[in-house]
Amino acid sequence: MDSIESIHCPNHPDANLVEDCHAGDMICPECGTVVGDRLVDVGSEWRTFNNEKSTKDNSRVGAAENPLLGGSDLSTGVGHLPHGGDASLVHMIQHRSSSGTSDRSLVHGLREISQMADRINLPRKIIDRANVLFKQVDSEKHLKGRSNDAIASACLYIACRQEQVPRTFKEICAVSKVSKKEIGRCFKLIKRAVETKVGQVESTDFMSRFCANLSLESAVQRAAVHIAKKADELDLCPGRVYTSIAAAAIYLASQTSDNKRSQKEVGSVVGVAETTIRSIYKLIYPAKEKLFPEGYEFAVPLDKLPSA
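Residues numbered from 1 in each chain as written. Predicted model: local features only at pLDDT ≥ 70, side-chain atom pairs only at ≥ 80, totals over all residues. Heavy atoms only, no water.

Colleague: Help me understand the overall build of the protein in this model?
Modeller: On a plain count of helices and strands, the protein comes out with twelve helices and three strands. When burial is assessed residue by residue, the protein has 38% of its 308 residues classed as buried. When contacts within the protein are restricted to residue pairs at least 6 apart in sequence, long-range pairs at least 24 apart make up 62% of them. (Helix = DSSP H or I, 4+ residues; strand = E, 2+ residues; numbered from the N terminus. Buried < 20%, exposed > 50% of the residue type's maximum accessible area, 1.4 Å probe, protein only. Contact = heavy atoms within 4.5 Å.)

Below, the structure is given as structure tokens:
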């Protein structure tokens, strides 16, 4: 069929044709002549043929093609019956016969990444980057024998760091099905096998999110960032984890404001034990005069701060 641009009414060639989507026709508004027919309706298929009432958009074409998956042919699938029945068994047999073990593990991993990202509100670009990394690890069999869920969690962790929105291992572990230790192992193995670049994580990378979750003012947040940076410059906490330093910096900054937070409150948000916050606080407390930014307004004087 000719393209829409080349179709015109023989009696009124300059008339703007009207598209009748329901009938699939192009009609001349001047004389009513049908000058083009059988147009493809690109709208949604609102009619449904199953026994369940649904409010979702019943698209004709299904989901968009995923370039990371193989099998992008137009194959036929057997749907589920509302209450089970023989079709469920047929569907299971067809699924197992039409997709290999590798494809099933890939689909499972991509689905797991998407679900974890949704739980912590990560943007689409991070999901896409994690998916590409998981596909690479899966296809090259770098981590054969490792848990699929652990690999997916490690890929999501790496993607977050590469996109400059890092998450802690504990934050990823909270939405994952595997332990923090297993995620850490897979993270190291993937770094070594794929040779992917992962940016250095600093305690200040998490400050805005942690302070927001603790409902602290922007001035306190800026002070916490400055404290963490100065503590690193002065080497006050050698060998300490960045999240622990961030927690101690937030606790110290909050103690100088009217909106104080306890070690327990800070620890629950950051994911650090109270004893860890207390030990690092004792390390940075003696240098407190050097840690705060110039012009910072203290609601509580430094000499009134708790020593532990």
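Now, onward.
Colleague: Just to check I follow, could you spell out the confidence of the model for the protein for this structure?
Modeller: Keep in mind that low pLDDT regions are not for reading the predicted coordinates in detail. Overall, the predicted model of the protein reaches an average pLDDT of 81, with 75% of residues at or above 70. Mean pLDDT values for the elements of the protein range from 56 in helix α1 (residues 86-98) up to 94 in helix α11 (residues 274-284). (pLDDT = per-residue confidence, 0-100.)

Colleague: Would you explain helix α3 (residues 124-139) in this entry?
Modeller: Within an α-helix, residues lying three or four positions from one another point in the same direction, as the helix has 3.6 residues per turn. Over its 16 residues, α3 runs 22 Å from end to end, which matches the ideal 22 Å to within 8%, given 1.5 Å per residue. Within α3, burial applies to Ile126, Ile127, Ala130, Asn131, Leu133, Phe134, Val137 and Asp138. Immediately beyond the C-terminal end of α3, within one or two residues, lies Lys141, with a positive phi of roughly 55°. (Expected span 1.5 Å × (residues − 1).)

Colleague: Is there a simple way to explain the packing of aromatic side chains in this structure?
Modeller: Centre distance and the angle of the planes are the two values used to describe a pair of aromatic rings. Under the defined criterion, the tally for this structure stands at ten aromatic pairs. Taking 4.1 Å as the distance between ring centres and 15° as the angle between the ring planes, the aromatic pair formed by Tyr157 and Phe169 counts as stacked. Taken together, the residues span a long stretch of sequence, with Tyr157 in helix α4 (residues 148-162) and Phe169 in helix α5 (residues 169-174) at a distance of twelve residues. Residues Tyr157 and Phe169 agree in their burial class; the two are buried. (Phe/Tyr/Trp six-rings, centres within 6.5 Å; stacked < 30°, edge-to-face > 60°.)

Colleague: Please explain the pattern of salt bridges as it appears in this structure.
Modeller: A pair can form between side chains of opposite charge whenever their charged atoms are brought close. Per the counting criterion, the structure on display carries nine salt bridges. Among the salt bridges present, the one from Glu163 reaches Arg129, with a minimum N-O distance of 2.6 Å. One end of the pair, Glu163, is in the loop between α4 and α5; the other, Arg129, is in helix α3, with 34 residues separating them in the sequence. With its nearest N and O atoms 3.6 Å apart, the salt bridge here joins Lys230 to Glu233. One end of the pair is Lys230 and the other is Glu233, both in helix α8 (residues 218-233) and three residues apart, which spans about a single turn. Judged by its relative accessible area of 24%, Lys230 is partly exposed. A residue is classified by how much of its surface remains accessible, and Glu233, at 58% relative accessible area, is exposed. Ionic contacts of the salt-bridge type, sharing partners, join the residues Lys125, Arg129 and Glu163 into one network. (Salt bridge = Lys/Arg side-chain N within 4 Å of Asp/Glu carboxyl O.)

Colleague: Even after reading the chapter, I still don't get unusual backbone geometry, so can you show me in this structure?
Modeller: What is expected of a backbone is that most residues other than glycine have negative phi and most peptide bonds are trans. Here Asn121, not a glycine, exhibits a phi torsion of approximately 55°, which is positive. By secondary structure assignment, the location of Asn121 is in the loop between α2 (101-119) and α3. For Asp235, which is not a glycine, the phi torsion comes out positive at approximately 55°.

Colleague: I'm lost on the side chain of Ser176 in this one. Help?
Modeller: You can see Ser176 is positioned in the loop between α5 and α6 (180-194). Assessed through its relative accessible area of 14%, Ser176 is described here as buried. Within the structure, Ser176 has its side chain in polar contact with the side chain of Ser153 (distance 2.7 Å). In this structure the side chain of Ser176 is engaged in a polar contact, spanning 3.2 Å, whose partner is the backbone nitrogen of Val178. Look past the residues within four positions of Ser176 in its chain and what remains in contact with it is Met116, Asp149, Ser153 and Ile183. (Polar contact = N/O pair within 3.5 Å; in protein donor to acceptor, adjacent residues only side chain to side chain.)

Colleague: Which parts of the structure should I look at to understand the environment of Asp258?
Modeller: With respect to the element layout, Asp258 can be found in the loop between α9 (242-255) and α10 (263-270). For the pair Asp258 and Glu217, spaced 41 residues apart in the sequence, the C-alpha separation amounts to 9.9 Å.

Colleague: Quick question: what am I supposed to make of the environment of Arg185 here?
Modeller: Tracing the backbone shows Arg185 in helix α6. Along the chain, Arg185 and Ala150 lie 35 residues apart, while their C-alpha atoms are 8.8 Å from each other.

Colleague: Hey, could you run me through a negative patch on the surface in this one?
Modeller: Together, Glu202, Asp205, Asp232 and Asp235 make up a region of like negative charge exposed at the surface. Along the chain, Glu202 falls in the loop between α6 and α7 (207-213). For Glu202, a relative accessible area of 45% puts it in the partly exposed group. (Patch = residues over 30% accessible without salt bridge, like charges linked within 9 Å, V, L, I, M, F, W, Y side chains within 5 Å. Areas by Shrake-Rupley, 256 points an atom, 1.4 Å probe, with all protein chains shown as cover. Lys, Arg positive; Asp, Glu negative; His and termini not counted. Charge placed at Lys NZ, Arg CZ, Asp CG, Glu CD.)

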